[in-house]
Amino acid sequence: IAPPLPRALRYMTEPEGKASVVHLLGECGDIVGEAPYSLEKLIDSYDEIKDASVKIALLTSTIKLFFKRPPEVQKMLGRLLAKATEDVSSQDLHDRALMYYRLLSTAGDPKIVEQVVSKSPVIGGHGVNFAEEEDKEHRDALLEEFNTLSTLYGITSENFISEEYQVKLVRMPKEHPLDVGAAPLVDPGVNGVAEHLQQTSINDVAPESAPAAPAAPALSGEVDLLGFGLGDGPMVAPTPAAASSDISLDASFKISGEDYQAKWEAVADSHALSVMMSLRLQPESTDLVESALSTLNILTMASGELPTELKFFLYGRERRENGMIFLIQAVIFKSPDLSLSITIKTSGGDQARSGELSQKVVDMTKTALQELM
């Protein structure tokens, strides 16, 4: 089969067929004498190739052939990487080319790169099964742990994580006010707000009105410039200073859990503002954080404590007619990785200023939680 491949490539016109032949040339390049020269002709006519699958196959095969016949392939691989990294017709192609270039330029041992590019792209070490061989229960269990190492290993976390380190999630009761009774949408948005709203230990908070801001405490004269912490007493609710931004939120604004989820899912993840910042102190409870944020009219839809983090679903609206609505998901990661993650999506108002106003809401949150910073 291998020797006629260069001739078959010359007469192949269908993109899928051409990509298949190019792939075989990369796999069998050590026994097909003309393999490098057949691929070089495609590289020289790279700009005439319209199908992304052919370009990706050409890139992968040339990389593989480089480790089998480096003297013949080195220069043409350089030309191909230069073209592919500048190609914007396919994001997958562009990213692959950048990855290969960085591997080749930074890896100290070429054998490591060879192992990476030579591996068969099979997840979890399993091949393709027939329908009757698929275990539906096992597949559903893996989907419950989607976006974790379980999907890479092909086994559930209980098989590779000790019991004492496993996170057990308990679903919230059916009578919870945030359970809208509707099936989750396909794209739940950043960090899966639909899933988080169904988790346990969530305290529904929908204040009738934001409490009045307490008087600012007198300064003691001690300033903790280096972040070592002053005093060993229990932490109290932070008392924020006046916000430095020119945005003001409406204390009387309310939104239902169903509307919150629908508005969140209606905004693409690419339009969200995500910020990560380190913390100096860990709050003792979610109430302390909610109390501090409410003084600036950043209100709480729901909050909850998990073994490794505190989660908050917050919201606010500009205090003006047709003001912008801010939907905020905040996560405080507990020690040792003590940090705060904030994701903001907006709805309504002047969307041209969405990024600017979202950043001001982040600044307000920092002001409210300044004693944790």
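Model, not experiment: these values are computed from the prediction. (Residues numbered from 1 in each chain as written. Predicted model: local features only at pLDDT ≥ 70, side-chain atom pairs only at ≥ 80, totals over all residues. Heavy atoms only, no water.)

Engineer: Now, about the overall build of the protein chain: what can you tell me, with residues and values included?
Structural biologist: Looking only at helices and strands, the protein chain has 13 helices and six strands in total. Counting all 373 residues of the protein chain, 39% fall into the buried class. When contacts within the protein chain are restricted to residue pairs at least 6 apart in sequence, long-range pairs at least 24 apart make up 66% of them. Surface exposure of the protein chain reaches about 21,900 Å², of which carbon and sulfur atoms provide 54%. (Helix = DSSP H or I, 4+ residues; strand = E, 2+ residues; numbered from the N terminus. Buried < 20%, exposed > 50% of the residue type's maximum accessible area, 1.4 Å probe, protein only. Contact = heavy atoms within 4.5 Å. Areas by Shrake-Rupley, 256 points an atom, 1.4 Å probe, with all protein chains shown as cover.)

Engineer: Could you give an account of the pattern of salt bridges, with specific residues and numbers?
Structural biologist: Across all of its chains, the model carries 14 salt bridges by this definition. Its salt-bridge partner being D92, residue R96 comes within 3.0 Å of it at the nearest N-O pair. Placement of both R96 and D92 in helix α6 (residues 91-106) is noted, with a separation of four residues, approximately one turn of the helix. R317 serves as the salt-bridge partner of D250, at 3.0 Å between the closest nitrogen and oxygen. Placement of D250 in the loop between β1 (202-204) and α11 (257-266) and of R317 in strand β4 (residues 309-317) is noted, with a sequence separation of 67 residues between them. Given a relative accessible area of 25%, R317 falls into the partly exposed group. Three or more residues joined by partner-sharing salt bridges are found here, namely E40, D44 and R79. (Salt bridge = Lys/Arg side-chain N within 4 Å of Asp/Glu carboxyl O.)

Engineer: An account of the confidence of the model for the protein chain is requested, with residue identities and associated values reported.
Structural biologist: For the protein chain, mean pLDDT is 76; residues scoring 70 or higher make up 74% of the total. Across residues 173-194 the pLDDT falls below 50, and counting only partners more than four positions away or on other chains, this stretch makes 41 contacts in the model. Within the model, the stretch residues 215-235 combines pLDDT values under 50 with 16 contacts to residues more than four positions away or in other chains. (pLDDT = per-residue confidence, 0-100.)

Engineer: Describe the nonpolar core, naming the residues involved and giving the relevant values.
Structural biologist: Formed by 33 residues in total, the largest nonpolar core has its most connected members in V22, L25, L39, L58 and L59. Listing elements by their share of this core, those giving two or more residues are α1 (5-11), α2 (15-27), α3 (35-44), α4 (52-68), α5 (70-85), α6 and α7 (110-118). The leading source of residues in this core is α4, at nine residues. If we skip the residues at most four places from it in the chain, L58 touches V22, L39, L42, I43, Y46, I49 and L80. Counting 29 residues, the second-largest nonpolar core is a separate cluster that includes I328, I332, L338 and V361. (Core = buried A, V, L, I, M, F, W, Y, C linked by side-chain atoms within 4.5 Å.)

Engineer: Quick rundown of the packing of aromatic side chains? Include the residues and the values.
Structural biologist: Taken as a whole and judged by the stated rule, the model has three aromatic pairs. Consider the rings of F66 and F67, whose centres lie 5.2 Å apart with planes at 70°: the pair is edge-to-face. Pair check on accessibility: F66 and F67 agree, each one buried. Between the aromatic rings of F253 and Y315, the centroid separation amounts to 5.9 Å while the plane-to-plane angle is 70°, which identifies the pairing as edge-to-face. Placement of F253 in the loop between β1 and α11 and of Y315 in strand β4 is noted, with a sequence separation of 62 residues between them. (Phe/Tyr/Trp six-rings, centres within 6.5 Å; stacked < 30°, edge-to-face > 60°.)

Engineer: Tell me about the pairing of strand β6 (residues 339-347), residues and numbers included.
Structural biologist: When you tally the buried positions in β6, you get nine out of nine residues, the bulk of the element. With burial as the criterion, each face of β6 is covered, one bearing S339, S341, T343, K345 and S347 and the other bearing L340, I342, I344 and T346. Bridging between strand β2 (residues 273-278) and β6 involves six bridges; their strand directions are antiparallel. Bridge pairing in β6 links S274 to T343. Bridge analysis of strand β5 (residues 325-333) against β6 gives nine bridges, and the strand direction is antiparallel. (Pairing = 2+ DSSP bridges.)

Engineer: Got a sec to walk through unusual backbone geometry? Specific residues and values, please.
Structural biologist: Within the chain, N297 stands out as a residue other than glycine whose phi angle is a positive 65°. Tracing the backbone through its elements, the reader meets N297 in the loop between α12 (286-294) and β3 (299-306). The exposure class assigned to N297 is buried, which follows from its relative accessible area of 10%. The phi torsion at N322 lies on the positive side, around 55°, for a residue other than glycine. As for its placement among the helices and strands, N322 is situated in the loop between β4 and β5.

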